[in-house]
Amino acid sequence: MMTKPELPGRAPRGEGIPTALDGLLVVDFTRVVAGPACTQTLADFGAEVIKIENPDGGDDTRAYEHAEIGGESAAYLSLNRNKRGIALDFNNPAALEVARALIAKADVVVENFSGGVMKKFGLDYASVAPTNPRLIYCSISAYGRKGDFALRPGFDPITQAESGFMSLNGFPDGEPVRTGPPIVDMATGMSACNAILLALIARDRLGRGQQVEVALIDTAVSMTGFYGMAYLINGNNPGRFGNSPNGSPTVGVYRASDGPLYMACANDRLYRRLVTDVLERPDLVTDPEFAHRKARTANKEKLRAIIASVFASDTLEHWMAKMKKANIPVGYLRTVEEGFNAPEVRDRHRLSKIAHPTAGSVPNIESPVHMSLTPTVDPVAAPLLGQHTRDVLSKTLGYDDRRIAALAEAGAFGKPGNTG
């Protein structure tokens, strides 16, 4: 029987502590992963992020199947913390008026619709920049906003496949493997956040905003890293190496008598410590077949078999203790459950529970970014669909109750109840 992990409540950040992005207004037209990941980081550090959703179901991730609590999915909750949510039906002229009014007041707009959608509704950069020249307008897409592929839809695993990134993952005798988590989406979200922050710094110097763009395919290509660079240098198509980059026999997964470990002895100094201080096989240093890195790579299968037999002779804790004493880079090969309950995670207070209007409380995974003077805000759970519509229109745009009621009557917010 599965049991949910016990999570602590989160300690508040304290009164009077500044935030890095206080006063920054972000209008968020994004959904799924890359865009929401970007805007969540901005929200975590104090920006006011207004998430605009389609009244008919909202963000696609609301319906993702990983897990659900309080009527919201794990995917949606993990990507939309600290945002205020409103629902607008873009097919309704009254709703578009609200969207344009928010953009006119915004510092940042982020969108990741398919190509041409924002232009269709008159919300593209060229349409809105004249009324807000200091606006930073960030577009996130699969293949960019220009060129032959600008209108082509695409998702994380497609760009993993098409860029060559996926061809680097897996084992030599198997098919390419996509990463489990959507790593290209997440990295694109980080790049979008960086681009926005760079544009804000430039705005302070130049006095005006600009359009910035990030594309999944560009991110995927850049993430081939030194493998991609090596191909450009020597023309050799890189392959898959499983858990051992370049087939290194001293990097990868090994099994003790009662469980797996992952070690990374990537240079001669670490290798010598491994075989002498841990494995107690000094002959693996003096033997010409293993004395140097190139020799070890040439004889990798032979060396791997020797190392594997030694590790298999004793317990995991025996080897972990010896390797840590010798300062060898090594780690337990953990499941998500084991990792989330490990002291390396728990001691850093990465996990907590926060209040939620329908679930009572929901789990929270903290931002990985730490700032000493301007830490993250106290986390607020991702909004229900349309939860803050009335609040945003009243406080941000200054609309009175009569005007909000008229918009609701005109169908700007979709079905009744989407005004928060």
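Everything in this summary refers to the structure shown in the same document. Sequence order sets the numbering: in each chain, residues are counted from 1 along the sequence as written. Thresholds applied to this predicted model are a pLDDT of at least 70 for local features of residues and 80 or more for the giving and counting of side-chain atom pairs; totals over whole chains, interfaces and linings are not thresholded and use all residues. Computation of side-chain values: all heavy atoms of the structure, hydrogens and water removed.

**Some details on the nonpolar core**
Nonpolar core, defined: a set of buried Ala, Val, Leu, Ile, Met, Phe, Trp, Tyr and Cys residues in which side-chain atoms within 4.5 Å join the residues together. Type-normalised accessible area, obtained with a 1.4 Å probe on protein chains alone, sets the label of each residue: buried when under 20%, exposed when over 50%, and partly exposed for intermediate values. In terms of nonpolar packing, the biggest core is built from 34 residues, with Phe29, Ile52, Leu88, Phe90, Leu102 and Leu123 touching the most fellow members. Comment: elements are numbered from the N terminus, with helices defined as DSSP H or I runs of at least four residues and strands as E runs of at least two. The dominant element in this core, judged by the number of residues it contributes, is helix α3 (residues 93-105), at seven residues. Note on contacts: a residue pair is in contact if any heavy atoms of the two residues lie within 4.5 Å. Apart from residues lying up to four places away in sequence, phenylalanine 90 is in contact with Phe29, Ile52, Leu96, Ala99, Phe113, Phe121 and Leu123. Ranked by size, the runner-up nonpolar core spans 30 residues in total, among them Cys38, Phe45, Ile136 and Val184.

**Remarks on the side chain of glutamate 53**
When you line up the elements, glutamate 53 lands in strand β2 (residues 48-53). Engagement of the side chain of glutamate 53 in a polar contact is seen with the side chain of arginine 62, the distance being 2.7 Å. When sequence neighbours within four positions are dropped, the list of residues in contact with glutamate 53 reads Gly58, Asp59, Arg62, Tyr76, Ile86, Ala87, Leu88 and Leu385. In protein, a polar contact means a hydrogen-donor-capable atom and an acceptor-capable atom, both N or O and within 3.5 Å, with residues adjacent in sequence counting only if both atoms are side-chain atoms; elsewhere, any N or O pair within 3.5 Å suffices.

**Points about the packing of helix α1 (residues 34-44) against helix α7 (residues 183-206)**
One can describe the packing of α1 onto α7 by two numbers: an axis separation of 7 Å at closest approach and a directional angle of 45°. Considering their axes alone, α1 and α7 lie oblique with respect to each other. Relative to α7, the crossing made by α1 is right-handed. In this structure, α1 contributes Ala34, Ala37, Cys38, Thr41 and Leu42 to the contact, and α7 contributes Asp185, Met186, Thr188, Gly189, Ala192, Cys193, Ile196 and Leu197. By the convention adopted, Pro, Cys, Tyr, Trp, Phe, Met, Ile, Leu, Val and Ala count as nonpolar, Lys, Arg, Asp and Glu as charged, and the other residues, Gly among them, as polar. For the contact of α1 with α7, a count of residues per class yields nine nonpolar, three polar and one charged. The angle between two axes is taken between their N-to-C directions and runs from 0 to 180 degrees, where each axis is a line fitted to C-alpha atoms and a helix contributes only its stretch in contact. Each angle receives one of four descriptions, namely roughly parallel if under 35 degrees, roughly antiparallel if over 145, roughly perpendicular if within 65 to 115, and oblique otherwise. Crossing handedness: left-handed means the near helix sits turned counterclockwise from the far one by under a right angle, and right-handed means the same turn made clockwise.

**So, helix α14 (residues 316-325)**
Leu316, Trp319, Met320, Lys322 and Met323 are the residues of α14 that are buried. Seen along its axis, α14 keeps its buried residues to an arc of 170°; they face one direction. Taken together, the buried residues of α14 touch β9 (251-256), β10 (259-264), α10 (268-278), α13 (300-311) and β11 (330-332). Note that the arc is computed from the directions linking the helix axis to the C-beta atoms.

**Here we look at unusual backbone geometry**
The phi dihedral of asparagine 327 falls on the positive side, at around 60°, and the residue is not glycine. Following the sequence through the fold, asparagine 327 ends up in the loop between α14 and β11. Relative accessible area serves as the criterion here: at 55%, asparagine 327 is assigned to the exposed category. Phi at histidine 349 takes a positive value of approximately 55°, unusual for a residue other than glycine.

**Considerations on the pairing of strand β13 (residues 360-365)**
Only strands that DSSP links by at least two bridges are regarded as paired with each other. Where strand β12 (residues 351-356) meets β13, six bridges bridge the pair, whose relative direction is antiparallel. Across the sheet, residue leucine 351 finds its bridge partner in β13, namely isoleucine 365. Here β12 folds back onto β13 in antiparallel fashion, the turn holding three residues.

**Digging into the side chain of threonine 224**
Residue position: threonine 224 is located in the loop between α8 (216-222) and α9 (225-234). Residue classification places threonine 224 among the buried positions, given a relative accessible area of 12%. Beyond its immediate sequence surroundings of up to four residues, threonine 224 is in contact with Ser163, Gly164, Phe165 and Leu168.

**Considering the packing of aromatic side chains**
Any two of the Phe, Tyr and Trp rings considered here, Trp counted by its six-membered ring, make a pair once their centres fall within 6.5 Å; the pair's planes then place it as stacked at under 30 degrees, edge-to-face at over 60, or tilted in between. Tallied over the entire structure, the rule returns nine aromatic pairs. A centroid spacing of 5.3 Å and a plane angle of 85° characterise the contact between phenylalanine 311 and tryptophan 319, whose relative ring orientation is edge-to-face. According to the relative accessible area criterion, tryptophan 319 is buried, its value standing at 4%. We call a charge positioned over a ring when the NZ of a Lys or the CZ of an Arg lies within 6 Å of the ring centre and within 35 degrees of the ring normal. Here the basic side chain of arginine 62 rests over the ring of tyrosine 76, its NZ or CZ set 4.0 Å away from the ring centre.

**Description of the sheet that holds strand β5 (residues 83-87)**
Spatially, the six strands line up as an open sheet ordered β5-β2-β1-β6-β7-β8, and their pairing is parallel. Strands at the two margins of the open sheet, each flanked by one partner only, are β5 and β8 (210-215). For this sheet the average axis-to-axis angle between neighbouring strands, irrespective of direction, equals 20°. Here four bridges tie strand β6 (residues 108-111) to strand β7 (residues 136-141), and the two strands are oriented parallel to one another. Each bridged residue has a counterpart across the sheet, and for glutamate 111 the counterpart in β7 is serine 139. In this fold α3 packs onto β1 (25-29), β2, β5 and β6, with an angle of close to 140° to the strand it touches most, β1.

**Structural notes on the environment of isoleucine 354**
With respect to the secondary-structure elements, isoleucine 354 resides in strand β12. Overall, isoleucine 354 belongs to the buried group, its relative accessible area being 9%. C-alpha of isoleucine 354 to C-alpha of glycine 225: the two residues are 129 residues apart in sequence and 37 Å apart in space. If we skip the residues at most four places from it in the chain, isoleucine 354 touches Gly360, Ser361, Val362, Asn364, Pro379, Val380 and Ala381.

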